[in-house]
Amino acid sequence: MVQNVDLLIIGGGASGMFAALGARDALRKSLVPDHVFTITLLERNVRAGAKLRISGGGKCNVTHEGEPGDLLLKGFFDKAEQRFLKHSLYSFTNRDLLFLLDRYGVKTAARPDGKIFPVSERAVDILKAFEAMLLDSRIDMVYSCRVSALKSDAGQLTVDSSRGLFSSSAVILAVGGVSYASTGTTGDGLAFARKLGHSVTDPSAALAPVVTKKTPPIDLAGISLRSVTLFVSAAHERRERRGDVLITHRGITGPAVLSLSRQIAMLFRKYRSAELFIDLFPDHAPLELQERLLLHARKNGTQMVRKFLQSAPIAPLPGSFESFPYGTIPTALVPFIMQHADLDPDVRWSELKREERKSLLDVLKQFPIGVVKAVPLDEGEVSAGGIALKEINPKTMESRLVAGLYCCGELLDYAGEIGGFNLQAAFSTGWTAGKSAAERLAEGKYPTASSSH
Ligand SMILES: Cc1cc2nc3c(=O)[nH]c(=O)nc-3n(C[C@H](O)[C@H](O)[C@H](O)COP(=O)(O)OP(=O)(O)OC[C@H]3O[C@@H](n4cnc5c(N)ncnc54)[C@H](O)[C@@H]3O)c2cc1C
């Protein structure tokens with residue numbers, strides 16, 4: 001037996017839940033009583049929001065502070081993504097989200113870097129509030145329901161699932177990306193979209209750690225390099241990001257790495273080889289650094305170079321070696337700097353030859369981290385790639401190819417930075433999809449479930 005519903009949402013993550021909430025809100029604003037239209041959400045897990053629960057290390061960085069325009073600029077580097085997300089980020093803003101959370105008893109606070117968390121620092125508090133909102137919005141939640149097929153036929157969409165067949169004139173696909181597959185995101189939505197004729201950019205890792213071919217030396221695992229510039233080089237292309245880098249037992253992670261990982265993955269895929277380097281003096285141009293080192297060498301001829309490195313600042317401010325805003329170069333790194341520069345461990349400044357000074361300078365400006373082995377897709381906080389943005393109407397989230405189909409969240413071909421931007425994009429695109437579908441329902445543009453029996 002086919003179950004006919006007025007509005008069907010597939011996926012109960014951040015975007016699916018907000019699609020449901022946005023839809024009911026729009027219907028209520030159109031003064032449509034709740035019993036008139038059924039909103040049904042199908043989720044394969046036993047509960048909604050599996051990813052939300054583990055987000056922000058269990059604390060949930062739920063959104064970011066600022067005006068929507070700032071969020072677009074700070075959170076999404078790609079101009080096409082910014083253009084696409086603009087309408088929805090203005091339609092359902094971070095303020096709208098925080099207002100809703102506050103109404104359901106969740107207090108939030110912004111950190112100095114703009115990231116917003118619940119004051120309790122418990123992601124589960126956010127999830128409980130969302131569950132209460134869904135209940136109040138009279139959403140029919142169908143759990144343990146994995147959708148296996150989505151078909152379109154003469155204006156009617158049919159869904160095959162582990163809980164039987166569903167049919168609706170309006171379906172919102174909100175099944176997420178492909179990272180952290182254990183949370184339920186196994187890329188089903190991309191397959192459905194492809195079958196319906198959508199172009200899909202192959203998923204690739206974003207906000208992920210990077211594994212190097214040769215594992216970092218044991219002495220370096222665990223050290224943190226503050227405010228350096230990480231760069232990746234492949235063929236003639238180079239991409240970089242400033243921030244903290246943490247060396248691990250299999251490669252690197254940390255804010256700069258996660259942020260650059262999408263580009264590292266893209267270059268690695270394109271050229272099959274990419275190399276990582278770190279600039280330990282990002283605020284000093286090579287010439288300036290060279291002069292400073294020369295000056296230091298003249299004044300401290302008897303000092304061993306390694307002694308200098310052990311107390312030298314990391315990423316010092318421009319024009320100075322005296323300020324230590326980010327501490328010193330980690331002691332464990334010093335022998336490796338000497339080694340890569342091909343210097344005798346006990347060499348003194350006065351004994352350094354010109355080429356040796358040049359070689360030291362090169363290593364300080366581009367310390368080799370290693371050759372990329374992998375940027376594991378499943379370990380990314382999000383996955384890049386997905387349904388082509390040009391095939392989705394950014395004002396409604398409706399497919400330009402399949403009538404009555406709406407797509408939202410990470411399933412689309414965008415990926416934001418760390419900082420609450422990905423969740424906000426999921427909430428905003430979800431809300432926009434739900435609102436648009438519901439408005440069309442209220443206008444009588446879709447046949448109701450009862451009329452399609
Ligand atoms: C470890 C980790 C930490 C993160 N921390 C943050 C953070 O602090 N801040 C931030 O902004 N972002 C964070 N993110 C990213 C953020 O969680 C996602 O971008 C966001 O959840 C995407 O929402 P979505 O609704 O598109 O997809 P999801 O939240 O992944 O939801 C998709 C849902 O669809 C369901 N589903 C999939 N296939 C089917 C099917 N065939 N049938 C039925 N249901 C299906 C899934 O079970 C899932 O519940 C984090 C991600 C991870 C993995």
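Residues numbered from 1 in each chain as written. Predicted model: local features only at pLDDT ≥ 70, side-chain atom pairs only at ≥ 80, totals over all residues. Heavy atoms only, no water.

A closer look at the site of the ligand
Keep this limit in mind: The nearness test applies per residue and asks whether one of its heavy atoms lies within 4 Å of the molecule or strand. Identification of polar contacts relies on pairs of N or O atoms within 3.5 Å, with a donor-acceptor requirement for protein atoms, meaning one able to donate a hydrogen and the other able to accept it, and with residues adjacent in sequence counted only if both atoms are side-chain atoms. To measure how exposed things are, a 1.4 Å probe is used in the Shrake-Rupley method; for residues, cover is taken only from the protein chains shown. A helix here means a DSSP run of H or I that spans at least four residues, while a strand means a run of E at least two residues long, and both kinds are numbered starting from the N terminus.
Around the ligand lies a shell of 34 residues, among which Ser15, Glu43, Asp188, Glu410 and Leu423 are the nearest. In this structure, an oxygen atom belonging to the ligand sits 2.8 Å away from a side-chain N or O atom of Glu410. Out of a free accessible area of 1,000 Å², the ligand has 96% covered by protein chains. Those elements that provide at least two residues to the shell around the ligand are α1 (14-29), α2 (50-54) and α13 (421-442).

What to know about the domain arrangement of the protein chain
Which entries qualify depends on this criterion: Note that the domain bounds were set by an automatic or database domain assignment. Any two residues having at least one pair of non-hydrogen atoms within 4.5 Å are treated as being in contact. Any carboxyl oxygen of Asp or Glu within 4 Å of a side-chain nitrogen of Lys or Arg constitutes a salt bridge here. Here the nonpolar group is Ala, Val, Leu, Ile, Met, Phe, Trp, Tyr, Cys and Pro; Asp, Glu, Lys and Arg are the charged ones; every other residue, Gly included, is treated as polar.
Entries for the protein chain in the domain assignment read domain 1 (2-203 + 380-442) and domain 2 (209-375). With eight residues of domain 1 at the interface, the matching set in domain 2 holds five residues. For Arg262, the salt bridge is made with Glu81, and the minimal N-O distance between the two is 2.6 Å. Put simply, domain 1 and domain 2 have four residue pairs in polar contact (both at pLDDT 80 or more) between them. Its residues assigned to classes, the side of domain 1 that touches domain 2 shows five nonpolar, no polar and three charged.

Some thoughts on the packing of aromatic side chains
Basically, it comes down to this: The aromatic pairing rule takes the rings of Phe, Tyr and Trp, using the six-membered ring of Trp, and pairs them if the centres are within 6.5 Å, calling planes under 30 degrees apart stacked, those over 60 edge-to-face and the rest tilted. Should the NZ of a Lys or the CZ of an Arg lie within 6 Å of a ring centre and within 35 degrees of the ring normal, that charge is described as sitting over the ring.
Taken as a whole and assessed by the stated rule, the structure comprises 10 aromatic pairs. Taking 6.4 Å as the distance between ring centres and 75° as the angle between the ring planes, the aromatic pair formed by Phe76 and Phe421 counts as edge-to-face. Here the residue Phe76 occupies a position in the loop between α3 (68-75) and α4 (79-91), and Phe421 occupies one in helix α13, the gap between them amounting to 345 residues. One aromatic cluster is present, built from ring pairs that chain together Phe18, Phe92, Phe130, Phe427 and Trp431. Looking at Arg111, its charged tip hangs above the ring of Phe117, at a distance of 3.8 Å from the centre. Sitting over the face of the ring of Phe231, Arg238 holds its NZ or CZ atom 3.6 Å from the ring centroid.

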